[in-house]
Amino acid sequence: MQPGLQVSLELLEGAIGASLGDYSKNAAMLVLGSSGHARGALTDRALQAAAVAESPVAVIGPGQEGGRGVVVGVDGSQESTQAVAFAAAEADALGEELTVLYAFTGPNRWIKAGLPSSRFAAHVLEEEQVVLSETVAGLRQEYPDIVVHGVLETLLEPADALIQAGSNARLLVLGSRGRGSVGRLLLGSTAHAVLTRPPCATIITHLRKSEHKQ
C-alpha cells in the first residue's frame, strides 16, 4: 500500500510500559492497537505506553474507519494547550474541521445541592467560556483555512463527552493529564477513561520536557 515506506523490525526486551517508554524518546509517535474494551491485553498495553511515553501515543481500536473531523479536549491546562496545537496541525494536514471541546462538571450540580447561588454559577460558566473562546480565537488566527468549532459541555463528564464527540470523528486528541490531575499521576483520569473505550483513532500528547542548556 505504501511502496516507498521503509519498514524495520525491532525486538524490545523488558516490561511493556518501560520498554515502549524508552523507545518513544527517539520516536515521533507510538502507534498501538486496542481491544476497545476496558479489560483486554491490547488495551492494557496501550494504557501502559500512554502513561510513560515521551512522544505522542496513537491508540487505534477495531472498526474505527470512516469518521470525519478532528476533536480535541481542552481545559486550560498546559497539557491541553499542547494537545490543541497538535490537533490543529493534524486537522490542517488532513483537511478536516476541528472541534475544540471543553467539558467540565457544570455548576448545576452544586446548585441542586444547595451550595452556590445562580449568580455564582453564571460567573463560573462565563469564566470557562472565556477559556474556550480564547482558544478558538487563537486557532482561527493561526489556521485561517481550518473550520473551527468551539463546544462547551457542562452536563456530561469530560471522558463521556469526549467519547461521544469522537464517535463520528476521524481523530480524537487529548493531553495525558488535565488541569484537575494530581501532579504525580502519569496519566490523568480522563485520558485513562477514554483509552479504555476509544471511539476513534485517539492520540494522547505529552508535555514536552524543557531542555536546559549549560
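Data block above holds the structure.
Only a predicted model underlies this, so the values are computations on that prediction, with no experimental measurement involved.

About the criteria used
- Residues numbered from 1 in each chain as written.
- Predicted model: local features only at pLDDT ≥ 70, side-chain atom pairs only at ≥ 80, totals over all residues.
- Heavy atoms only, no water.
- Helix = DSSP H or I, 4+ residues; strand = E, 2+ residues; numbered from the N terminus.
- Buried < 20%, exposed > 50% of the residue type's maximum accessible area, 1.4 Å probe, protein only.
- Contact = heavy atoms within 4.5 Å.
- Pairing = 2+ DSSP bridges.
- Axes fitted to C-alpha atoms, helices over the stretch in contact; angles between N-to-C directions.
- Expected span 1.5 Å × (residues − 1).
- Core = buried A, V, L, I, M, F, W, Y, C linked by side-chain atoms within 4.5 Å.
- Polar contact = N/O pair within 3.5 Å; in protein donor to acceptor, adjacent residues only side chain to side chain.
- Salt bridge = Lys/Arg side-chain N within 4 Å of Asp/Glu carboxyl O.

## Considering the overall build of the chain
Right, on to step 1. Each helix and strand counted, the chain has 7 helices and 7 strands in total.
Right, on to step 2. Helices (α) and strands (β) of the chain occur, in sequence order from the N terminus, as α-β-α-β-β-α-β-α-α-β-α-β-α-β.
Right, on to step 3. Sorting the 214 residues of the chain into buried and exposed places 43% on the buried side.
Right, on to step 4. In the chain, of all internal contacts separated by at least 6 residues, the share reaching a separation of at least 24 is 75%.

## Focus on the sheet that holds strand β5 (residues 148-153)
Right, on to step 1. Spatially, β1-β2-β7-β6-β3-β4-β5 is the arrangement adopted by the 7 strands of the open sheet, whose pairing is mixed. Of all the strands in the sheet, just β1 (30-33) and β5 have a single pairing partner and so form its edges. Shown here is a sheet whose adjacent strand axes are inclined to one another by a mean of 20°, direction ignored.
Right, on to step 2. Both strand β3 (residues 70-73) and strand β6 (residues 171-175) contribute to a ladder of 3 bridges, which runs parallel. Directly across from Val72, in β6, lies its bridge partner Val173.
Right, on to step 3. Along the sheet, helix α6 (residues 158-166) contacts β3, β4 (98-103), β5 and β6; its crossing angle with β4, the most-contacted strand, is approximately 160°.

## Observations regarding helix α3 (residues 78-94)
Right, on to step 1. Taking 1.5 Å of rise per residue, the 17 residues of α3 would be expected to cover 24 Å, and the 25 Å separating its terminal C-alpha atoms lies within 8% of that figure.
Right, on to step 2. Among all positions of α3, only Glu79, Ser80, Gln82, Ala83, Val84, Phe86, Ala87, Ala88 and Ala91 are buried.
Right, on to step 3. Phi for Gly95, located one or two positions after α3, is positive at around 70°.

## Digging into the nonpolar core
Right, on to step 1. Core analysis: the biggest nonpolar cluster contains 27 residues, and Val57, Leu172, Leu174, Leu187, Val194, Leu195 and Ile204 have the highest contact counts within it.
Right, on to step 2. Of all the secondary structure elements, the ones that give two or more residues to this core are β1, α2 (41-52), β2 (57-60), β4, α6, β6 and α7 (189-195).
Right, on to step 3. No other element matches α2, which puts 5 residues into this core.
Right, on to step 4. When residues no more than four places from it in sequence are discounted, the contact partners of Val194 are Ala159, Leu162, Ile163, Leu172, Leu174, Pro199 and Thr202.
Right, on to step 5. Core analysis: the second largest hydrophobic core is formed by 25 residues, Val74, Ala83, Tyr102 and Val173 among them.

## Quick notes on the side chain of Ser77
Right, on to step 1. Inspection of the secondary structure puts Ser77 in the loop between β3 and α3.
Right, on to step 2. A distance of 2.7 Å separates polar atoms of two side chains, one belonging to Ser77 and the other to Asp75.

## A short note on the pattern of salt bridges
Right, on to step 1. Applying the stated criterion across every chain, the model contains 4 salt bridges.
Right, on to step 2. Among the salt bridges present, the one from Arg170 reaches Glu96, with a minimum N-O distance of 3.0 Å. With a gap of 74 residues between them, Arg170 in the loop between α6 and β6 and Glu96 in the loop between α3 and β4 connect regions that are remote in the sequence.
Right, on to step 3. Put simply, Arg197 and Asp160 hold a salt bridge, and the shortest N to O gap is 2.7 Å. Of this pair, Arg197 sits in the loop between α7 and β7 (202-205) while Asp160 sits in helix α6, and the two are 37 residues apart along the sequence.
Right, on to step 4. Arg197 gets classed as partly exposed once you look at its relative accessible area, which sits at 40%.

Geometry only, nothing functional implied.
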